[in-house]
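Here are the chains, one letter per residue:
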Amino acid sequence: MRPVPAPTRSRRKEARPAELLAAALDSFVARGFAATRMEDIAAAAGVSKGTVYLYYPSKLAIFEALVRTSLLPNLERVEGMLAQLPGPASAQLRMVVAALEEIVSDPRRVAIPKLVVAEAGNFPDMARFYRREVVGRGIALIGGILTRGMEAGEFRRVDPHLAARLFVAPILMAALWQNTFAAVEDSPVPPRAVLSLHIEMFLHALAPAEGTAP
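Report follows, based on the coordinates. From a predicted model like this one, the values you see are computed outputs, not experimental measurements. (Residues numbered from 1 in each chain as written. Predicted model: local features only at pLDDT ≥ 70, side-chain atom pairs only at ≥ 80, totals over all residues. Heavy atoms only, no water.)

**Things to note about a nonpolar patch on the surface**
Heads up, the condition is: The residues that make up patches have over 30% relative accessible area and no salt bridge, and they are joined within 9 Å when like-charged or within 5 Å when they are Val, Leu, Ile, Met, Phe, Trp or Tyr. To be clear on the numbers: accessible area is Shrake-Rupley with a 1.4 Å probe, and residue cover counts the displayed protein chains and nothing else. In what follows, salt bridge is the name for a side-chain nitrogen of Lys or Arg lying within 4 Å of a carboxyl oxygen of Asp or Glu. Runs of H or I in DSSP of at least four residues are treated as helices and runs of E of at least two as strands, each being numbered from the N terminus.
On the surface, Met173, Trp177, Phe181 and Val184 cluster together to form a nonpolar patch covering roughly 410 Å² of accessible area. One can find Trp177 in helix α9 (residues 160-180).

Now the structure itself:
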């Protein structure tokens, strides 16, 4: 016997959170986080304001859900890939950059950090959440790779936490640049070219001096 399909109303209810998040992101991008009202999100999703509150009690809760559904799965995927790639550290860093290229090239994912940069001053809880869940986790991941590379003698000794920040900063800038300026540039540079040069320069800077002991 063929499986009985779920009722349309049931399927609709299961899809509702994703539909609301998509509508919210569109509204945040169009109006900014501060100017977007819950009724704007409801109108974009074609539902009542009460329906939005049924799933998300506040705009901050919506933002947190966007991060958890759009960005954290990619970070978890990178962590899983690293677990299957034991070394060397340079290969792990290259793999991280290749994975991040996909995110940098996706305007909807890049819209989220752009929101944080634009609205952090007025919404510190948003910035605090993003710093803890995304930036902090990413820096810890990169710092761990750098530490292992230093212990193996593959990289020269530097502060791994500060170096991790230096690793992440150009990638974030490339994402914001792509989202802000690519559409108006005469000759936009693809993110792959920027990130490829970034990793080569970063690894060159970390190369140990000749004759240096691990």
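**Overview of the layout of surface pockets**
For the record, the criterion: Using only the protein atoms, space was sampled on a 1 Å grid; points where a 1.4 Å probe fits but cannot get out form cavities, open sets with protein on both sides within 12 Å along at least five of seven lines form pockets, and lining residues are those with an atom within 4 Å of a point. Grid points are joined across faces, edges and corners, and a volume is the space filled by probe spheres set on the points.
Approximately 660 Å³ is the volume attributed to the largest pocket. If you go around the largest pocket, you meet 27 residues; those closest to its centre are Leu100, Tyr130, Val134, Val135 and Val168. For the lining of the largest pocket, the secondary structure elements donating two or more residues are α5 (72-83), α6 (89-104), α7 (107-119), α8 (124-151) and α9. Considering every element that reaches the lining of the largest pocket, the biggest residue donor is α8, with eight residues.

**What to know about the pattern of salt bridges**
Using the criterion set out here, one finds 16 salt bridges in the structure. A salt bridge links Glu19 to Arg16; the shortest N-O distance between them is 3.8 Å. Of the two residues, Glu19 and Arg16 both sit in helix α1 (residues 8-31), three residues apart, roughly one turn of that helix. Here Glu39 and Lys49 are joined by a salt bridge, their closest N and O atoms 3.9 Å apart. Highlighted residues: Glu39 in helix α2 (residues 38-45) and Lys49 in helix α3 (residues 49-55), separated in sequence by ten residues. Through salt bridges that share partners, Arg31, Arg37, Glu39, Asp40 and Lys49 make up one connected network.

**Let's talk about the side chain of Gln92**
In plain terms, the rule: Contact definition: two residues touch when any of their heavy atoms are within 4.5 Å.
Mapped onto the fold, Gln92 is located in helix α6. If sequence neighbours within four positions are ignored, Gln92 has contacts with Leu82, Leu85, Pro86, Gly87, Ile145 and Arg148.

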